[in-house]
Amino acid sequence: MAADERPGRDAHDPAGPGRPGPGPADRPDSAVVRDALGVGVAVGLSGFAFGVTSAGAGLTLLQTCALSLLVFTGASQFALVGALAAGGNPLTAAAGAFFLGVRNAFYGLRLSQLLALPKPVRPLAAHWVIDETTAVALAQPSRRSARLGFTVTGLTLYVLWNLTTLLGALGAEAIGDTDAWGLDAAGPAVFLALLAPMLRSATERTVAGLAVLLGLGLLPVLPAGVPVLVAALAAPAVLWFKGRARGAPPEREKHRKQKQKQRQEKKKEEDR
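Just so it is clear, the structure is predicted and the values come from calculations on it, not from any experiment.

Draft legend 1. Broad picture of the overall build of the protein chain. Secondary structure assignment for the protein chain yields 13 helices and 0 strands. Listed N to C, the secondary structure of the protein chain is α-α-α-α-α-α-α-α-α-α-α-α-α in terms of helices and strands. Every one of the 272 residues in the protein chain was classed for burial, and the buried ones make up 33%. By sequence separation, contacts in the protein chain at least 24 residues apart represent 71% of the contacts at least 6 residues apart.

Below is the structure:
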C-alpha cells in the first residue's frame, strides 16, 4: 500500500497528507502555545493606544469598547477613529475602515480549508480571523497545530485587546486633553508598527510607499477620510504596472520573431 493511502491519512493537512493526531511532523504543543502567546500579548497591549486614540477622537467609553468587542481588527479601528479625529465624515471613515478589513475575508477562505472547524463554531472563529491569528496558523506544520495556534492567539489577543482598550479609554478620560500629552500620535505610531513587519517584498513596499504619497499629497485638497480611500488604489495600480512589465518582454520577443520571419521570407523571394 502506498504511503499516501495508509488509513488515517489526512489529505487536507497543511504539511501534506499526515496523521490526524500528534506525530513527528507536529510541533510540540508547548512551542505552539509559546509562539501564540508571544504574538497575542505583544499585539494585545497595543489596544491601550487605541483606547487613548479613540477617546481623544471624541468617542465615548461605550463606543470605544464596542468597537474593540464587535469589530476587532486593529488597522480598521485605528483608521476609523483617525478619520473621525481629523473631522472626517462618519460614512467616509467607515468606508475606509471597511476596505482595510476586506483582507480578513480572504484570510478566511484560506483558513477555512486549513482549520476545517466544525460548522457550529465557525461563526465564532470568523470573528478572530485577523492578521495575527492567520500568520500563526499558517506557520504550523499540521492541522492540529494550526488549530491550537489559531485558538490561543485569538483568545489571548481578544481578551488583552479589549482589556487594554478599556484601560486606555479610562486613562484618556482621566488625563483630559490627550493632544497636550502628544497621545494623538499613538494611533498612527502603532498602526505603522503593525504594518512595517508585513512589508517583506518589493511589491508590498512599493504599494505602501505609493499609498503614503497619495494619502499625504491629497490630504490638503480632499475632505478628511477620502485620501485613505484614494490611497487604496495604490495596490491595483502597482499590480497593473507589474503585470505590464512581465508581459512586455514576451510581446517584444514575439514582434522580433515576426520581423525576422518577414526578413527571411523577403530574402527567399529575392533569391528566386
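Draft legend 2. Spotlight on helix α11 (residues 202-218). Between its first and last C-alpha, α11 extends 24 Å over 17 residues, near the 24 Å set by a 1.5 Å rise per residue. By the burial criterion, the buried members of α11 are Thr-203, Val-207, Ala-208 and Gly-215. For α11, the arc enclosing every buried residue in end-on projection is 135°, short of the 170-degree limit, so these residues lie on one face. Across from the buried face of α11, at angles greater than 90 degrees, the exposed residues are Leu-213 and Leu-216.

Draft legend 3. Main features of a negative patch on the surface. A cluster of acidic residues, Glu-265, Glu-269, Glu-270 and Asp-271, forms a negative patch at the surface. Looking at where Asp-271 falls in the secondary structure, it is placed in helix α13 (residues 234-271).

Draft legend 4. View of the packing of helix α2 (residues 47-56) against helix α3 (residues 61-70). Following both chains from N to C, one finds α2 and α3 inclined at 135°, their axes separated by 9 Å at the closest point. Judged on the interaxial angle alone, α3 and α2 are oblique. Crossing angle aside, the handedness with which α2 passes α3 is right-handed. Within the contact between the two elements, α2 uses Phe-50, Gly-51, Ser-54 and Ala-55 and α3 uses Thr-64, Leu-67 and Ser-68.

Draft legend 5. Geometry of the nonpolar core. Counting residues in hydrophobic clusters, the biggest one holds 27 residues, and the most contacted among them are Phe-72, Leu-111, Leu-115 and Phe-150. Going through the elements one at a time, α2, α4 (74-85), α5 (90-101), α6 (103-115) and α9 (143-175) are the ones with two or more residues in this core. For this core, the leading source of residues is α9, giving 5 residues. Apart from the residues within four sequence positions on either side, Leu-111 is in contact with Ala-116, Val-129, Thr-134, Ala-137, Leu-138 and Phe-150.

The rules we used
- Residues numbered from 1 in each chain as written.
- Predicted model: local features only at pLDDT ≥ 70, side-chain atom pairs only at ≥ 80, totals over all residues.
- Heavy atoms only, no water.
- Helix = DSSP H or I, 4+ residues; strand = E, 2+ residues; numbered from the N terminus.
- Buried < 20%, exposed > 50% of the residue type's maximum accessible area, 1.4 Å probe, protein only.
- Contact = heavy atoms within 4.5 Å.
- Expected span 1.5 Å × (residues − 1).
- Arc of directions from axis to C-beta.
- Patch = residues over 30% accessible without salt bridge, like charges linked within 9 Å, V, L, I, M, F, W, Y side chains within 5 Å.
- Areas by Shrake-Rupley, 256 points an atom, 1.4 Å probe, with all protein chains shown as cover.
- Salt bridge = Lys/Arg side-chain N within 4 Å of Asp/Glu carboxyl O.
- Lys, Arg positive; Asp, Glu negative; His and termini not counted.
- Charge placed at Lys NZ, Arg CZ, Asp CG, Glu CD.
- Axes fitted to C-alpha atoms, helices over the stretch in contact; angles between N-to-C directions.
- Parallel < 35°, antiparallel > 145°, perpendicular 65-115°, else oblique.
- Left-handed = near helix turned anticlockwise from the far one by under 90°.
- Core = buried A, V, L, I, M, F, W, Y, C linked by side-chain atoms within 4.5 Å.

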